[in-house]
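Residue-level structure breakdown
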Amino acid sequence: MDKKFKHMETAMIHEGYDSKELLGSLTPPIFQTSTFTFDTAEQGAARFAGEEEGHVYTRVSNPTVQILEQKLAALEKAEKGLAFASGMAAISAVLIALTKANDHIICSSGLYGCTFGLLSMMDEKYNIQTDYVDMTEAQNIEEKIRPETKVFYIETPINPTMEVIDLELVITIAKKHDIYVVVDNTFSTPYLQRPIELGADVVVHSATKYLSGHGDVIAGIAAGRKKLMEQIAATTQKDIGGVLSPFDAWLVVRGMKTLPLRMDKHAENALQITEKLKQHPGIKHVFYPGDPDASGYPIMRKQMKSGGGTLSFEINGGKEEAQAFLNNLQFIHIAVSLGDTETLIQHPATMTHAVIPYEERQRMGITDSLIRLSVGIEAWQDIWEDLSQALKHLK
Ligand SMILES: *Cc1c(COP(=O)(O)O)cnc(C)c1O
């Protein structure tokens, strides 16, 4: 957050944009253009040489996209943000920029399925190996560090097991060994958790989720130190080219204005649903970092404002029972993605995390009985009514 605004709620609305610079337009204009004209050939040459500030081509920079980049950077307390066409475009651009062939990555055990896919591809193509480690214990991490370890890649809370990792602990180890720390902050957003403030090098986001919040856009963002982000901008962002369109950037900026309101409601609802699920005989276990009984609760309190809006739970039964339960729901939608106003439910083992081999999935705690619930901002009583009627066949 810029020192201009003491409170996140204000920063979320005002950071990154000054209406005075754009004819007093309250909401940012959408600069729907592919390219930018130069006054003279010399000016074009100066822009390409980096001797003169200014836009050249929308794959390199665009004023609407920049508003989003500046807003997110300010909120994360990072020096510079970069917007991408998706969360995966952001994650791949960052990880490919930070590594070279034969490097090594240490990753939290349990992570977004496509990130697992990306890391597997980097291993196959460039021998960049990844160890998946239970990061709750320092010793587990220390044991796996090699001279070629370049990056710690962390999701916290972990998708979909909702385990919480102590960022301070992991960052301290990384600093000792001169290793980059990249944190996927999708589930928390800067409203709940700011890893850069704790010493992380880069945060990445699927802005598709809570940041935009309305299920109408696919977008990604990364933020970090100026020099590091400029390096990513000039290489894997510019030359792989997974950049965000101006209209989609505008949608994310619009969504972010209400993020604090939405996130508070998501978290309040998630806590209510957790309490109800915990009392249900058909439920084996509920995983929600905001639950005072959760093992990660003290760490959540240390580094997050609340437990957020996503939880998971294990039902009594396997894949068949899980599918029957989902099919019995009435208004809750079966869909991947999360952080939308609508409550969304999915079965990680056969959906978002199906690409992870069975054995690895078991190790990560992604069993066939696990269900992920992105609690929306409807009345929690309605959400619970639908869940409980669909759970009736479970004992
Ligand atoms: C959805 C998600 C991603 C991928 O983002 P896309 O915008 O779908 O590319 C990455 N990390 C986490 C934690 C996610 O939930």
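Residues numbered from 1 in each chain as written. Predicted model: local features only at pLDDT ≥ 70, side-chain atom pairs only at ≥ 80, totals over all residues. Heavy atoms only, no water.

Let us look at empty space enclosed by the protein. Unfilled space is identified by rolling a water-sized probe across the atoms. Summed over the entire model, instances satisfying the criterion amount to two cavities of 30 Å³ or more. Each pocket or cavity is described by its volume, and for the largest cavity that value is around 40 Å³. Together, Thr27, Pro28, Trp250, Val253, Arg254 and Lys257 line the largest cavity. Here the residues of the lining of the largest cavity are counted per class, giving three nonpolar, one polar and two charged. Taken as a whole, the second largest cavity encloses approximately 30 Å³ of empty space. Surrounding the second largest cavity, Pro157, Met162, Phe187, Tyr210, Met304, Gly307, Gly308, Gly309 and Thr310 form its lining. Its residues assigned to classes, the lining of the second largest cavity comprises five nonpolar, four polar and no charged. Built from parts of two domains, the lining of the second largest cavity gets at least three residues from each of domain 1 (8-30 + 62-256) and domain 2 (259-391). (1 Å grid on protein atoms, 1.4 Å probe; cavity = no way out; pocket = protein on both sides within 12 Å on 5 of 7 lines; lining within 4 Å. Points joined across faces, edges and corners; volume = space filled by probe spheres on them. Nonpolar A, V, L, I, M, F, W, Y, C, P; charged D, E, K, R; others polar. Domains from an automatic or database assignment.)

Domain annotation of the chain identifies domain 1 (8-30 + 62-256) and domain 2 (259-391). Counting from both sides, the interface comprises 37 residues of domain 1 and, opposite them, 40 residues of domain 2. The junction of domain 1 with domain 2 conceals about 3200 Å² of combined surface from both sides, 65% of it contributed by carbon and sulfur atoms. Among the residues domain 1 hides against domain 2, the three largest losses belong to Tyr191, Leu192 and Tyr210. Together they make up 25% of the total. For the pair domain 1 and domain 2, the number of links is two salt bridges. In this structure, the salt-bridge partner of aspartate 166 is lysine 302, at a minimum N-O distance of 2.9 Å. On inspection of domain 1 and its partner domain 2, the count reaches 18 residue pairs in polar contact (both at pLDDT 80 or more). Those elements giving two or more residues to the side of domain 1 that touches domain 2 turn out to be α1 (8-14), α5 (113-126), α7 (167-177), α8 (189-192) and α10 (246-256). Examining the composition of the side of domain 1 that touches domain 2, we find that three residues originate from one element, α8, more than from any other. (Contact = heavy atoms within 4.5 Å. Buried area = accessible area lost by both parts, 1.4 Å probe. Salt bridge = Lys/Arg side-chain N within 4 Å of Asp/Glu carboxyl O. Polar contact = N/O pair within 3.5 Å; in protein donor to acceptor, adjacent residues only side chain to side chain. Helix = DSSP H or I, 4+ residues; strand = E, 2+ residues; numbered from the N terminus.)

Together, Ile334, Val336 and Met351 give the surface a local cluster of nonpolar side chains, amounting to about 230 Å² of exposed area. Mapped onto the elements, isoleucine 334 comes out in strand β10 (residues 333-334). Take isoleucine 334: its relative accessible area is 39%, and that puts it in the partly exposed class. (Patch = residues over 30% accessible without salt bridge, like charges linked within 9 Å, V, L, I, M, F, W, Y side chains within 5 Å. Areas by Shrake-Rupley, 256 points an atom, 1.4 Å probe, with all protein chains shown as cover. Buried < 20%, exposed > 50% of the residue type's maximum accessible area, 1.4 Å probe, protein only.)

With that settled, the discussion passes to the layout of surface pockets. Approximately 1100 Å³ is the volume attributed to the largest pocket. Looking at the largest pocket, it is lined by 33 residues, and the ones nearest its centre are Gly54, Val60, Ser61, Gln66 and Lys80. Here the lining of the largest pocket gets six residues from one element, more than from any other, and that element is helix α9 (residues 226-240). Tallied by class, residues from the lining of the largest pocket come to twelve nonpolar, eleven polar and ten charged. A volume near 350 Å³ is recorded for the second largest pocket.

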